[in-house]
Amino acid sequence: MYTLYYCPSTASMVVHLALLEIGAEHELKLVDFETRQQKDAAYLALNPNGVVPTLVVDGKAYVETAALLMMLAERHPEAGLVPVAGSVERDLWRQWLVYLSNDLQSTFRFWFYPGDLGYTEHPEPVRLALQHKIETIWSHLETHLSKNGPYLLGEQFSAADLFLTMLMRWSRNMPKPAAEWPALDKLTHLVTSRPSWKKMHAIEALSTWPEVKPE
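Residues numbered from 1 in each chain as written. Predicted model: local features only at pLDDT ≥ 70, side-chain atom pairs only at ≥ 80, totals over all residues. Heavy atoms only, no water.

Participant: What should I look at first to understand the pairing of strand S1 (residues 2–6) in this one?
Facilitator: Each regular strand shows side chains that alternate between the opposite faces of the sheet. With 5 of 5 residues buried, S1 is to be regarded as a mostly interior element. Going residue by residue along S1, you find Tyr 2, Leu 4 and Tyr 6 tucked away on one face and Thr 3 and Tyr 5 tucked away on the opposite face as well. By the bridge criterion, 5 bridges tie S1 to strand S2 (residues 26–30) in an arrangement that is parallel. From the neighbouring strand, Tyr 6 faces S2, where its bridge partner is Leu 30. (Buried < 20%, exposed > 50% of the residue type's maximum accessible area, 1.4 Å probe, protein only. Helix = DSSP H or I, 4+ residues; strand = E, 2+ residues; numbered from the N terminus. Pairing = 2+ DSSP bridges.)

Shown next as structure tokens:
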């Protein structure tokens, strides 16, 4: 039994997706960001960083999105979220998760929370620098997927694709969203057509994404 502390549209989304993919029994506990519940003493006792996700397993709280994905995928290899242990694909899978966490998710944190950089609002040069970094990462991923896709590990779907799709969703209101890169857009539609995404989307009551394109 897993307990996931979550808030819709945040990084907890991908852990929720992983739980649905593996079909494990779990309980969801909403952390209300509107009332800043993530900063309450009771929640900080679980996650001193005051963020989501937090995953409680056998009474022990675990944090960090990429680490939680690795944990769930490796505890439930039958779900197909992780390549076989000892394979080159397993090593690449771990590499992609760390890259997405360190380079992309962390940059989005600065994009959405200027206070983390000491600003109430981003100065224009800072905003443009963050935008440029994110778009450079999209271009790097586009090159990789164009040559080696449709998934990050080629023909093999994995938890890394769930992580990337969540991060692409975060770009939907940016000046140039990830969907403007063709191979990234293809991956978006592959992942969002999965039953796990549809179920998560309904449970978290998310806005429609990606947009349905006219024929």
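Participant: Which parts of the structure should I look at to understand the environment of Gly 50?
Facilitator: Among the structural elements, Gly 50 can be located in the loop between helix H2 (41–44) and strand S3 (54–57). Given the relative accessible area of 3%, Gly 50 is considered buried. Counting along the chain gives 93 residues from Gly 50 to Thr 143, while the straight-line C-alpha distance between them is 36 Å. Residue contacts for Gly 50: discarding those within four places in its chain leaves Gln 38, Lys 39, Tyr 43 and Leu 44. (Contact = heavy atoms within 4.5 Å.)

Participant: Would you mind showing me how to read the layout of surface pockets here?
Facilitator: Over the atoms rolls a probe the size of a water molecule, and in doing so it shows where empty space is left. If you add up the space inside the largest pocket, you get close to 970 Å³. Along the wall of the largest pocket there are 34 residues; nearest its centre are Val 51, Val 52, Arg 109, Tyr 113 and Trp 170. Of the residues forming the lining of the largest pocket, the biggest block, 8 residues, is contributed by helix H4 (residues 88–112). In the lining of the largest pocket, the residues fall into 14 nonpolar, 12 polar and 8 charged. There is about 170 Å³ of room inside the second largest pocket. Around the second largest pocket sit 11 residues that line it, and Arg 172, Ala 179, Trp 209, Pro 210 and Glu 211 are the ones nearest its centre. (1 Å grid on protein atoms, 1.4 Å probe; cavity = no way out; pocket = protein on both sides within 12 Å on 5 of 7 lines; lining within 4 Å. Points joined across faces, edges and corners; volume = space filled by probe spheres on them. Nonpolar A, V, L, I, M, F, W, Y, C, P; charged D, E, K, R; others polar.)

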